[in-house]
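As a plain string of letters, each chain reads:
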Amino acid sequence: MPTATRSSRSTRQNPSTRRWLTYFEGYLWDPPRAKEAIRQTAKLAHEAGREVSMTLSDSFCVDRYRDEFLELMRSGTVDIVFANSHEIKSLYQTKSFDEALAQIRKDCKIAAVTRSEKGSVIVRGDETVVIEATAIKELVDTTGAGDLYAAGFLHGYTQGRNLKTCGDLGSLAAGLVIQQIGPRPRQNLRREAEGAGLL
């Protein structure tokens, strides 16, 4: 089911920075009824002044639904897109990361693209923000890295943080989870973010 995300305690103190959004996984696009539900949810979200975000999920998912994903972005059904470098190149059927980044910049409001040890790149219109990867002691398991990046980014975004801070929060969360087995971080992410000076 699509997930509604909203700002937490810090934005309640300053309503002018509050952002609300709905997030869904590209994996959910398979069943026809899910497509209908996601489109209707996006319509209702936009009517309520909220934004809609999605992740491309994996390259195989992109291969199956390339045209439909592009339509979601180009029609404005989706505002914010998360992808990794393989998924974005698959989406635009190119071997060039820079070419794919130039294309997605035109197709959605914000795109956040992860690049493993190279960090991530966030684009919004003509704006480009490069985020460094969080330093780690040992790579153990990448399961959940993309989800944790999106979670960290959206936590910052719903609180009205700038794109650099959003990306740093995503990088921190992803960097923590890949140093353990399994997709649920054992550390308290808020405490880790506060310790890094991001909250």
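Residues numbered from 1 in each chain as written. Predicted model: local features only at pLDDT ≥ 70, side-chain atom pairs only at ≥ 80, totals over all residues. Heavy atoms only, no water.

1. Section: the pairing of strand S5 (residues 110–114)
Note the cut-off: Only protein chains enter the area calculation, which uses a 1.4 Å probe; residues under 20% of their type maximum are buried, those over 50% are exposed, and those in between are partly exposed. Helix and strand definitions here come from DSSP, where helices need a minimum of 4 consecutive H or I residues and strands a minimum of 2 consecutive E residues; each element is numbered from the N-terminal end. When DSSP finds two or more bridges between a pair of strands, those strands are recorded as paired.
Across the five residues of S5, five count as buried, placing the element largely inside the fold. The side-chain alternation of S5 yields two buried faces, one formed by Ile110, Ala112 and Thr114 and the other by Ala111 and Val113. Note that strand S4 (residues 80–84) and S5 share five bridges and pair parallel. When the bridges of S5 are listed, Phe82 appears paired with Ala112.

2. Some words on the nonpolar core
Under the convention used in this document: Among the buried residues, those of types Ala, Val, Leu, Ile, Met, Phe, Trp, Tyr and Cys that are joined through side-chain atoms within 4.5 Å form a nonpolar core. Only heavy atoms enter the contact rule, under which two residues are in contact if any of them lie within 4.5 Å.
Phe69, Ile88 and Ile104 are the most contacted members of the largest nonpolar core, which has 30 residues in total. When residues of this core are traced back to their parent elements, those giving at least two are helix H2 (32–47), strand S3 (51–55), helix H3 (59–74), S4, helix H4 (85–91), helix H5 (97–107), S5 and strand S6 (120–124). Here this core takes seven residues from H3, the largest share from any one element. Those residues within four positions of Ile88 in sequence are excluded, and the remaining contacts are Ala83, Phe97, Ala100, Leu101, Ile104 and Val113. Counting 17 residues, the second-largest nonpolar core is a separate cluster that includes Ile80, Val129, Ile131 and Ala174.

3. Notes on the environment of Ala112
Locating Ala112 in the fold gives a position in strand S5. The class for Ala112 is buried, based on a relative accessible area of 1%. Once residues lying within four places of it in the same chain are set aside, the contact partners of Ala112 are Val81, Phe82, Ala83, Val121, Ile122, Tyr149 and Phe153.

4. Digging into the side chain of Arg66
As a reminder of what qualifies: Contacts described as polar in this section are N or O atom pairs within 3.5 Å, which, within protein, must combine one atom able to donate a hydrogen with one able to accept it, while residues neighboring in sequence count only if both atoms come from side chains.
Counting through the fold element by element, Arg66 comes out in helix H3. Looking at Arg66, the relative accessible area reads 14%, which means it is buried. Of note is the side chain of Arg66, whose polar atom sits 2.8 Å from the side chain of Asp63. A polar contact of 3.3 Å, which involves the side chain of Arg66, links it to the backbone oxygen of Leu91.

5. A word on the pairing of S4
Moving residue by residue along a regular strand, the side chains alternate between the two faces of the sheet. Spelled out, the test is: Crossovers are marked right-handed if the path from the first strand over the helix to the second runs clockwise, as seen with the strands pointing away from the viewer.
Most of S4 sits out of view: four of its five residues are buried. Pairing between S3 and S4: three bridges, direction parallel. Its bridge partner being in S4, Ser53 is matched across the sheet by Ile80. Read as a crossover between parallel neighbours, the route from S3 over H3 to S4 is right-handed.

6. Digging into the packing of aromatic side chains
This is how it is decided: Two rings belonging to Phe, Tyr or Trp (six-membered ring only in the last case) form a pair when the distance between their centres is within 6.5 Å. Interplanar angles under 30 degrees mark stacking, angles over 60 mark edge-to-face geometry, and anything in between is tilted.
Under the criterion given, the structure shown has seven aromatic pairs. Each ring, one from Phe82 and one from Tyr149, has its centre 6.4 Å from the other, and the planes form 75°; the classification is edge-to-face. With a gap of 67 residues between them, Phe82 in strand S4 and Tyr149 in helix H6 (residues 145–158) connect regions that are remote in the sequence. Phe82 gets classed as buried once you look at its relative accessible area, which sits at 3%.

7. Focus: unusual backbone geometry
The phi torsion at Ser57 lies on the positive side, around 75°, for a residue other than glycine. Relative to the assigned elements, Ser57 resides in the loop between S3 and H3. One non-glycine residue with positive phi stands out, namely Gln93, at about 50°. Here Gln93 is to be found in the loop between H4 and H5.

8. Quick look at the state of the cysteines
To keep things clear, this is the line we draw: Cysteine sulfur atoms are paired as a disulfide whenever they come within 2.5 Å of each other.
Throughout the structure, instances matching the rule amount to zero disulfides. Among the cysteines around Cys61, which has no disulfide bond, Cys108 carries the closest sulfur, lying 16 Å off. Classification of Cys108 by relative accessible area gives buried; the value is 10%.

9. Describing helix H7 (residues 163–177)
This is how the line gets drawn: Residue count minus one, scaled by 1.5 Å, sets the expected span of a helix.
Helix length check: H7 (15 residues) gives 21 Å between terminal C-alpha atoms against 21 Å at 1.5 Å per residue, within 8%. With respect to burial, H7 is a largely interior element, 14 of its 15 residues being buried. Put simply, Asn162 is the residue that caps the front of H7, since its side-chain oxygen is 3.2 Å from the backbone nitrogen of Lys164.

The analysis is restricted to geometry; functional conclusions fall outside its scope.
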